[in-house]
Each structure stands twice: as C-alpha cells, then as structure tokens.
Amino acid sequence: MYDCVNSRGVNTLVAMTIDQPHAAVVCARRVAETLNEALDFEPTFMSTDDKRALLLAIADDERRLAALKLKAMAASADVAEHDGARDIAAWIAPRTQAEARPLRAEQRLAQALDQRYAQVAAGMAAGGVSVEQAEVIVRGLDALPDRIGIEVLRRAEAELVDHATTYNPTELRILARRILDVVAPEIAEAEEARRLEEEEQKALEKCRLLFKPLGDGSTRISGLLPEDVAERLRTYLHAFTSPRKQQGAIGGEEDRIPYARQLGQAFCALLEHLDPAKLPEHGGDATTMVVTVPIDSLRASLGVAEAGPEQKLSASAVRRLACTANILPAVLGGKGEVLDLGRQRRLFSRAQRRAMRLRDKRCRAEGCSIPAAWAEAHHLRPWSEGGSTDLDDGVLLCSFHHHRIHDRRFGYDVLPNGDLRMFAVR
C-alpha cells in the first residue's frame, strides 16, 4: 500500500508495508467458514436428491483441496528449512497430529506433479482425479522406460488422466501397465517383452527363503518368490487341498480345517511326495534323509529319533514318513549296533500302489470320499511290529487321515467293509 505525501506538500509515493495474508490464505479461510456453516445443517432432514448432491460435491471439494495441498507442499521447502524440520512432511505431522509416513508419500507425489506431471495436477485441480488415482498414474508413468520419448510419455499421461473420470485406482493400475498399447502400439509389444524380462530378473535377484526354528517343534518359513514360481506352488498346493470328492459325499473334519492350515499341511504332503530319485544328488546322498532311532523307541508309542545334529522327530513321525518318503531309518539295538538300514526297500512299489487304487477306490477312513489318486499308501501293521510291505498290509489314506492315524492321541478300528474308524484315545 502506498501514501502520496511529502514535507513540502508535494505528493510522492511512500511504501507502507501492511501485514496482510496472501489471497490463497484468505480463500482457504473462507472455505473453512463455509464448512462451518454447512456443518450446522443436519443431513437427516435433507431430501434424497440433496443428499446425493451433497456427497458428490464433497467428493469434488476433497479432490480440489488435495490438489491445493499438494501444490503448497511442493513449494514449501523453505518452511521446513526455516523451522529446522527435515522436510515439509516432518513439519506438518506434529502440527496436525498426523502420521509422517502418509504425509511423506503425499510429499513425493507433490514433487512429481510439480516437476514432471502437470496434466495430472490439472486433473486434480479440476476435480477429476483423486489422490489415489494420481498416485497410480504417477507410478505407472514412472515405470515407463526413458527410451519411449517425452511425446509418448505426455500422450500416456493425458490418456490416463482422461480415464480417471471413468475408472477407479485398481482399474487405472491395470490400464497404466498397458498404456503403450493405446498411445504407441508400434512399440508396445517390444517394450512389454523388455519389461517382463526386467521384472523376472529383479524377482530372481530378490528371491529369498528364510527358516526360523521357533523352539516349539515348528519353524517359521518366510520368503519372496518370483510370481511364476509362487503361482506354480499355489497350483500344486491346491491339488492337495481341493481333491475332488464323490458327488453328494458328506463333509468330514478335514473340510472344516481353516484354509491357511490346509495349505500348510498340503506343503508338507507335497514334500513327502517328491520323488527323491529325481532330485540332484550333489555327489552323494544329500537328498536322502537318514533318521537314527533305537528299536525300542520305534516300537513304543513314545520315542525320539535324530534326523540331524539338532533335529529330532517323534517315533510316530518316523513311522508315518517311512510309508511314503525316501527315508533311511538307522535302527539301533541296545548296544548301538545297526539293526536295519534301508527303509527304502520296504516302501510300497508303484505296482502295489496301483493295485491298492483299484481295490480301495478312495481314502479308507470312514466317511471320507477323497479319491484314491489323492491318497497315500499306509502300512496297517508297522514293520517294527512284524508287518510286511504287501497288499494285505496296505491301505490308502488321504493326507489328513494319514497324519491322524500316526497321531498317538487317536486309535482306529477296522470295520467289516475294510474302512478305518478313528477315535480319540481317552
């Protein structure tokens, strides 16, 4: 503001500084005042049409206010520097009781819109693009290779901003991955091939599998796998968790197990069904599991076997594994001499398993209708008790009931039709 007066009565311009807020601040305060007025109304008494109009107007206002906030954040590095904050997100968080992490994501988006993606920013200012949509568009554009050129990038940005009025963030994410098919079809296929190769290579570089023994008989497995490998594993596990039952079959206990636990049990079953003969030998017997167990422990309901320097198994687990796995129990007598070494020769042969499939048709647990193709061969009488590997001593059980029959908390009776009725041991 200026005043035009001097000491001799001649008008002159003299600057007078008045502390007046910027017009943007004034507008924001007017918005707050208008909101206060709107909050005084009770939506319950509004008509249906007015409620529709109010909800849509609020959504539009939220997008525009978000656009203004991002513009301000992109230009406010000086605020953080002046007040000693690391960045503007760190400055805002304590003053608004907000979490810093989402604010930092907004800060990155604000910088991207300010420096690279003016069309997305304009779409937000017009109310046609939400924050979530803007984040998806920016990530999709950033993923495009630099070699496509600035013109193709700008066409892709315009196309995605236009689609934001029709598609939600999830749908936009899919469109962003295929945007070159629309704006540059002549290079889309080649770029897609390069992108897939790069993604697959990065997935292999990030591939991890970690084992953490919990000290309670279980181990936590966590990892990061390439997508195709994970899908392959998921397919294999589904084969174990979703075997086809006979039409009209009555559901059993195995059907009520939480699916996450079913997947865990399916993973165990998958490993037990691997053909060790087809695994790499690494110059020796590294793929054969050797378990040391005293003969008295193997015959008893309780006992401990050693599968390695720090790995122990129950005798019942050894007996179950011996039905299907490539396991060599080193059975020791009273003085530690080896009484038996070679459980492999006591496994049911392929021909015997086929014969059992023809005979049993399904899992022979009472009420279970899981087909024989999904079942495992089980020794009704363990060899440690004088049993033999022949058809009369074999029976087919699904993975669930095979685990159950080796659980010492349960017993079973053989019914006249050959089915096994399992019961809890009191």
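Structural notes, computed from the coordinates. (Residues numbered from 1 in each chain as written. Predicted model: local features only at pLDDT ≥ 70, side-chain atom pairs only at ≥ 80, totals over all residues. Heavy atoms only, no water.)

### Here's the deal with the packing of aromatic side chains
Enumeration according to the criterion identifies zero aromatic pairs in this entry. A cation sits over an aromatic face here: arginine 404 above phenylalanine 410, 3.9 Å from the ring centre. (Phe/Tyr/Trp six-rings, centres within 6.5 Å; stacked < 30°, edge-to-face > 60°. Lys NZ or Arg CZ within 6 Å of the ring centre and 35° of its normal.)

### Observations regarding a positive patch on the surface
A cluster of basic residues, Arg350, Arg353, Arg354 and Arg357, forms a positive patch at the surface. Tracing the backbone shows arginine 354 in helix H16 (residues 350-360). Exposure remark for arginine 354: the relative accessible area of 53% places this residue in the exposed category. (Patch = residues over 30% accessible without salt bridge, like charges linked within 9 Å, V, L, I, M, F, W, Y side chains within 5 Å. Areas by Shrake-Rupley, 256 points an atom, 1.4 Å probe, with all protein chains shown as cover. Salt bridge = Lys/Arg side-chain N within 4 Å of Asp/Glu carboxyl O. Lys, Arg positive; Asp, Glu negative; His and termini not counted. Charge placed at Lys NZ, Arg CZ, Asp CG, Glu CD. Helix = DSSP H or I, 4+ residues; strand = E, 2+ residues; numbered from the N terminus. Buried < 20%, exposed > 50% of the residue type's maximum accessible area, 1.4 Å probe, protein only.)

### Here we look at the nonpolar core
Core analysis: the biggest nonpolar cluster contains 38 residues, and Leu113, Met124, Leu141, Leu144 and Leu180 have the highest contact counts within it. Only helix H2 (48-74), helix H4 (88-96), helix H5 (100-115), helix H6 (118-125), helix H7 (131-142), helix H8 (150-163), helix H9 (169-177) and helix H10 (179-183) provide two or more residues apiece to this core. The element contributing the most residues to this core is H7, with six residues. Setting aside its immediate chain neighbours within four residues, leucine 144 contacts Leu153, Ala156, Ile179 and Leu180. Ala365, Val395, Cys398 and Leu420 belong to the second largest nonpolar core, which has 11 residues in total. (Core = buried A, V, L, I, M, F, W, Y, C linked by side-chain atoms within 4.5 Å. Contact = heavy atoms within 4.5 Å.)

### Brief notes about the pairing of strand S12 (residues 410-414)
Alignment of S12 against strand S13 (residues 420-424), held across five bridges, turns out to be antiparallel. By the bridge assignment for S13, valine 414 is matched with leucine 420. Hairpin connection from S12 to S13: five residues lie between these consecutive antiparallel strands, with glycine 418 at a positive phi of about 95 degrees. (Pairing = 2+ DSSP bridges.)

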